Amino acid sequence: MARAGLTADRVVSAAADLADEVGFENVSLSALARLFGVKDASLYSHVRNLQDLRTRVAFLAGGELIDRIALAVAGRTGRAALGAFADAYRSYALEHPGRYAATQIRIDQALIADSPALIRTAEITYGMLRAYGLEEPDLTDAVRLLRSTFHGYCALESTGGFGASRDVQVSWERAVDALHVALTRWPGEG
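What comes next is a walk through the structure. Numbering of residues begins from 1 in every chain and follows the order in which that chain's sequence is written. Thresholds applied to this predicted model are a pLDDT of at least 70 for local features of residues and 80 or more for the giving and counting of side-chain atom pairs; totals over whole chains, interfaces and linings are not thresholded and use all residues. Calculation of side-chain values draws on the structure's entire complement of heavy atoms; hydrogens and water are dropped beforehand.

1. Some words on the overall build of the chain
Consideration 1: The helix count covers DSSP runs of H or I at least four residues long, the strand count covers runs of E at least two residues long, and both are numbered beginning at the N terminus. A tally of helices and strands in the chain yields 10 helices and 0 strands.
Consideration 2: Mapped in sequence order, the helices and strands of the chain form the string α-α-α-α-α-α-α-α-α-α.
Consideration 3: Overall, the chain is about 60 × 40 × 30 Å in size when its C-alpha atoms are taken along their principal axes.
Consideration 4: For the chain, with 190 residues in total, the buried portion stands at 38%. Per-residue accessibility, obtained with a 1.4 Å probe over protein chains only, is compared with the maximum for each type, and a residue is labelled buried under 20%, exposed over 50%, and partly exposed between these values.

2. Remarks on the packing of aromatic side chains
Consideration 1: Ring pairs shown here join Phe, Tyr and Trp side chains whose ring centres sit within 6.5 Å, with only the six-membered ring taken for Trp; geometry is labelled stacked below 30 degrees between planes, edge-to-face above 60, and tilted in between. Across all of its chains, the model carries 6 aromatic pairs by this definition.
Consideration 2: Measuring from centroid to centroid gives 5.5 Å for Tyr89 and Tyr100, while their planes differ by 75°, and the two rings are edge-to-face. You can see Tyr89 sitting in helix α5 (residues 78-95) and its partner Tyr100 sitting in helix α6 (residues 97-102), a full 11 residues away along the chain.
Consideration 3: Here Tyr100 falls in the buried class, since its relative accessible area comes to 6%.
Consideration 4: Site record: aromatic cluster; members linked through ring pairs are Phe85, Tyr89, Tyr100, Phe150, Tyr153, Phe162 and Trp172.
Consideration 5: Its end group placed over the ring of Phe24, Arg54 keeps NZ or CZ at 5.6 Å from the ring centre. We count a charge as sitting over a ring when the NZ of a lysine or the CZ of an arginine lies within 6 Å of the ring centre and within 35 degrees of the ring normal.

3. What about helix α2 (residues 29-36)?
Consideration 1: Within the span of α2, buried status applies to Leu29, Ala31, Leu32, Ala33 and Phe36.
Consideration 2: After α2 finishes, the residue Gly37 shows a positive phi value of roughly 70°.

4. Points about the nonpolar core
Consideration 1: Residues belong to a common nonpolar core when they are buried Ala, Val, Leu, Ile, Met, Phe, Trp, Tyr or Cys residues joined through side-chain atoms within 4.5 Å. Ile69, Leu82, Tyr89, Leu129, Leu146, Phe150 and Leu183 are the most contacted members of the largest nonpolar core, which has 33 residues in total.
Consideration 2: Within the residue set of this core, elements represented by two or more residues are α4 (50-73), α5, α8 (116-130), α9 (138-158) and α10 (168-184).
Consideration 3: Per-element tally for this core: the top contributor is α5, with 9 residues.
Consideration 4: Should any heavy atoms of two residues lie within 4.5 Å, those residues are counted as being in contact. Non-local contacts of Ile69, meaning those with residues more than four positions away in its chain, are made with Phe85, Ala88, Tyr89 and Ile124.
Consideration 5: Among the nonpolar cores identified, the runner-up in size contains 23 residues, and Ala19, Val38, Val47 and Ala58 belong to it.

Structure follows, in structure tokens:
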């Protein structure tokens, strides 16, 4: 029987909070059980295993991230939308490092197909990029460019990887400007 008050949503939310505190890779079922004051076995009524827990945290974080991005880009196009998207992405990654790390894990494709948050992420991201006149396969290439640029920047910034005296905010804005130029002048295949 499940412990009163303990639900899958509470377990996943606590795991996301713990990830922000100790790092996503350090979240364990044992640590969560200690947090709730229960035995490890009690959690198996709510999550199948550690992989299931991590996947659920990834979906939770992905939903939070896209909600923030959607709010930021609403009513904007072009450089304004790209900047709002980028800033929302970066602020989430820096404010919620454990949750953000969860969004970077590889998830079974069968689970992705049924995820409203990931479907919404694709719709919002591809919609923003279509305003640049991009179509497939360029859309996929552009998504990969944005994700790798944003992720790389956030990963370096969060670990203090930028040692130069130049303000990282100024460099961030210049990077977004450069992405805007790249998207505006997207090369044709050839």
